[in-house]
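Each chain is listed here by its residues.
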Amino acid sequence: MKKLRLTFAISSLTFLVMLAISPLKDFFREWKWYQYEYNELVSDLPQRVKPAEIGIKQLWIQKLDRIDRCVTCHLGLNEPALREAKQPFRTHPKIDHDYEDFGCTACHEGQGSATTYRESVGKVVFWDKPVFPTEFMEASCAKCHKEREVPHAPILTLGRKLIEEANCIACHQMNGFEKQWTPSLDGIGSKVNRTWLVNWLKHPKAYFGKTKMPNFLLTDEEAGILTDYLMTFKSFPNNAALDGLPPALASEEERAKLLELGSTRFREARCISCHPINGRGGYVASDLGKVASKATAEWLYGYIKNPKRLQPGVEMPRYRFNDMELAAVVAYIQSEYVDYETAELPELPPQIPNPAYFEQGQALFKKYNCSGCHELGGMKKAEEMGPELKFIGGKKLYEIDFGSSNIEQTLPSYLVTKIKNPRVFSPVMKMPSYEFTNEEAQAITVAMLGNTDERIPEELKVYPKPQSTYSPQGEFGTLVEDLACFGCHTMFGRGRLVATDLTLEASQAQKGWISGYFKIPYSLRPILTERMPNLFASDAEIKVMVDYMEKVFIADSLERNIRAGRDEISKGRILYYEKHGCQACHQINLKGGYVGPALDNVGSRLKPGWIFHWLKNPQAFKPESIEPNNNLTDEEAEALTAFLMSLK
Amino acid sequence: MRAGGLARQSSFTFLALLLLIACARHDDAPENGGVRQDTLEPSSSSVSTADVANLTYEQRQGQHLFLKYCQVCHGANGRGDGFNAFNLSPKPRDFTDHRYMNALSDARLLETVSQGGKGVNKSVLMPSWGGRLRKNEQGYIIAYLRYLAPSSH
């Protein structure tokens, strides 16, 4: 009897405890603590903020097929009074995408359906997409934004630019990038000397700090064999051949006579707009500081005479030098741009090539996929591709080999480390080193993480503008090709934006001014590093270009007659100096700022219709311009135009 | 007597159990209501990256806009020493001047950015950005200005 009662007591007690566990467990849910704390927090605020109802909350984002319960604890996302509150209650920054439309994990990643901190952040087994650290957040923009420049995502934009410039797609398949132009190596044996090539292959950036050529970390032996192999390619593309040197360059005495002319032409041609000299100057072309110790005089002469003949596709203009000027420029380069360090080294004993150098060199050339970028001897392009990276951002953690490294085991940290130290995870890896900085490696990682195979509804995606197919024909087309205008200028969406967009040039500038500018291209903006070179084009050629511009680079809608009476001019002057403070950025008579172009004589340069429309909305013509839009009335814009046109 | 003892004993056990469970839960959700100060910030990845991690989203956006639009006069570090500054009189504002900057309300800063110097009775050399930058973007710039001169200083 006693035993029975005891058993009954114990079992009922156990039963009671078991019953109690479930409400207790519910009572002590992690998220409830946050909700209680939130309600306590908002009750202390001076402003009235609605307390949260206790319970799980979730956003169901149907279009992205996501359910996010983050809002269960992140309760103040829409509450401006909580801007400075501690997490998880802080207000969400204002962005262009409302979180109620897009949810949380579409951008932040993490496990949306989880209801504990640890699981929602996603650093748990079998969850491959933990919450992005802040520095990689912009990767999510890339899922939908395929355009080149993503607004408000500077890191992603930089990453995409770097991937394109480094020509990653020569070895890795990736969507949305254009292959870069790289020089053909045919004829390299007639162009460079052996010592230079060995040093270049071993460390390209030592010669040209901004080169896109990476360092393949070759051993001395490999560099030697590869050089011997490359030096056997003596003939140029399309069977072009070097002409030999003119008599004026034959001897040192002859050359000395030309130095002064050469130096003048070198400066007038503004070579340093594109070519740096020992690291200073432009950056779009190779460094000239030691070029005389790299390239032969014959090659320099032949190349400057007609760049595209020896190097098809190169964006160097064919300067209209006569033979004497050409010889003078080469003489000047030969006397000035010498690598004195290697020039003073004792001469090396003649090279005895490894008997199997050709086969071994070719094997190295193929192993490192040099043909991914460079043409050589009609070899098939890209024989040894690297891994495909189209969907690298969706790679699962178990697929990644971290080797023996002890870095954090996440995809972003793997990518950053790999980009910085390409062969760190395994010695058999072949990827070359680009010597990226931490910031660059981070930006590239951001761009790569955005390459996922996640299914995104088509209507959410933003694509880049289609490629321009503009291709000028006739005499003008030939000149544009020959003078490599697209290397700096954009016309109808094609070309670079190193210099101004020419699409509306004839609506913008007066005909006489354009012709004069070809003759003496002066600097409109004092702060620019890249300046228009003097191409020494003939009068006939200038006429062809100006006539074409007057027909094509013009829009009738930008014509406008501006009344320019004394009243308008003085009203414009007041607006210029006293209302809008234009002198902060523009100079007139050496007074004013350096930011925009000087406006002296602007009345002889620009057309009134252009000034008017430009002032009304500068970014309609140049989206990147930092000129403020002052929301001018027509009357104000006309008065300003009248004033500016009076400056002749 | 015996039954009473049993009841006392059982209620005691029950309370002890309850306490145990509470303690166990409490370990997972630590003090101050379960907010884990040390882990809530995104974990710093083992790779060192630029100082973007120190800025809030708004400050980062502001920094980017600042470098594009404001830097020429106000300088990359906001000290009023941009390369165009020496052409200007009066000189551009030094945004690291805590005392001056902290006295200005957000609304006043926003007015200056959007309407320029002329809108707030200051030099016309400061252009108005209201036509170029959207309200959001102007707010980002203010957030960055607050970063340059934190109010707690």
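On a predicted model such as this, the values are computed, not experimentally measured, just so you know.

*Asks:* How should I be thinking about the confidence of the model for chain B in this particular structure?
*Replies:* One rule of thumb: low pLDDT means the predicted coordinates there are not for detailed reading. Residues and elements named next belong to chain B. When pLDDT is averaged along chain B, the result is 74; 64% of the residues meet or exceed 70. Note on residues 1-6: pLDDT is under 50 here. Beyond four places in sequence and across chains, it has 4 contacts. Ignoring residues within four places in sequence, the model shows residues 17-50, a span with pLDDT below 50, making 49 contacts including any to other chains.

*Asks:* In this structure, what is going on with the pattern of salt bridges? I would like to understand it.
*Replies:* All names here are of chain A. Summed over the entire model, instances satisfying the criterion amount to 36 salt bridges over all chains. Here D26 makes a salt bridge to K32, at a shortest N to O gap of 3.2 Å. Judged by its relative accessible area of 33%, D26 falls in the partly exposed class. For the salt bridge of E164 with R148, the shortest nitrogen-to-oxygen distance reads 2.9 Å. Taken as a pair, E164 in helix α7 (residues 154-165) and R148 in the loop between α6 (141-144) and α7 lie far apart in primary sequence, 16 residues in all. Each of R66, E109, K129, K143 and E454 takes part in salt bridges that share partners, so that together they form one network.

*Asks:* Honestly, the nonpolar core in this entry has me stumped. Any pointers?
*Replies:* In globular proteins that are soluble, nonpolar side chains generally tend to be buried together. All names here are of chain A. Residues L197, L230, F266 and F365 are the most contacted members of the largest nonpolar core, which totals 83 residues. Residues contacting L197, with those up to four places away along its chain left out, are I188, V192, T227, L230 and M231. In this structure, F132, M137, L415 and F425 belong to the second largest nonpolar core, which totals 36 residues.

*Asks:* Any chance you could explain the domain arrangement of chain A here in plain terms?
*Replies:* Quite often, the size of an interface is put as the accessible area lost when its parts meet. In terms of domains, chain A is made up of domain 1 (30-132), domain 2 (154-173 + 386-460), domain 3 (474-554) and domain 4 (566-645). Distance from the C-alpha centre of domain 1 of chain A to the C-alpha centre of domain 4 of chain A: 49 Å.

*Asks:* I would appreciate a short explanation of the environment of D339(A) in the present structure.
*Replies:* Residues and elements named next belong to chain A. For D339, the position within the fold is in the loop between α15 (323-336) and α16 (340-343). Linking D339 and K294, residues 45 residues apart in sequence, is a C-alpha distance of 8.4 Å. Excluding anything up to four places from it in sequence, D339 contacts K290 and S293.

*Asks:* Would you mind showing me how to read the environment of E459(A) here?
*Replies:* With respect to the helices, strands and loops of the structure, E459(A) is situated in the loop between α19 (438-449) and α20 (474-482). Counting along the chain gives 47 residues from E459(A) to P412(A), while the straight-line C-alpha distance between them is 28 Å.

*Asks:* Explanation requested: helix α26 (residues 634-645) of chain A in the structure shown.
*Replies:* Each full turn of the α-helix corresponds to 3.6 residues, which orients residues three or four apart in the same direction. All names here are of chain A. Under the 1.5 Å per step criterion, the end-to-end length of α26 is 16 Å for 12 residues, consistent within 8% with the ideal 16 Å. Of all 12 residues making up α26, 9 are buried, and the element is well covered by its neighbours. On its buried side, α26 packs onto α24 (566-579), β7 (587-588) and α25 (608-616).

*Asks:* Just to check I follow, could you spell out the packing of aromatic side chains for this structure?
*Replies:* Residues and elements named next belong to chain A. One pass over the full model with this rule turns up 40 aromatic pairs over all chains. Seen from their ring centres, W196 and Y207 are 5.4 Å apart, and the 85° between their planes marks the pair as edge-to-face. Taken as a pair, W196 in helix α9 (residues 194-202) and Y207 in helix α10 (residues 204-207) lie far apart in primary sequence, 11 residues in all. For W196, a relative accessible area of 11% translates into the label buried.

The rules behind each value
- Residues numbered from 1 in each chain as written.
- Chains lettered and ligands numbered in written order.
- Predicted model: local features only at pLDDT ≥ 70, side-chain atom pairs only at ≥ 80, totals over all residues.
- Heavy atoms only, no water.
- pLDDT = per-residue confidence, 0-100.
- Contact = heavy atoms within 4.5 Å.
- Salt bridge = Lys/Arg side-chain N within 4 Å of Asp/Glu carboxyl O.
- Buried < 20%, exposed > 50% of the residue type's maximum accessible area, 1.4 Å probe, protein only.
- Helix = DSSP H or I, 4+ residues; strand = E, 2+ residues; numbered from the N terminus.
- Core = buried A, V, L, I, M, F, W, Y, C linked by side-chain atoms within 4.5 Å.
- Domains from an automatic or database assignment.
- Expected span 1.5 Å × (residues − 1).
- Phe/Tyr/Trp six-rings, centres within 6.5 Å; stacked < 30°, edge-to-face > 60°.

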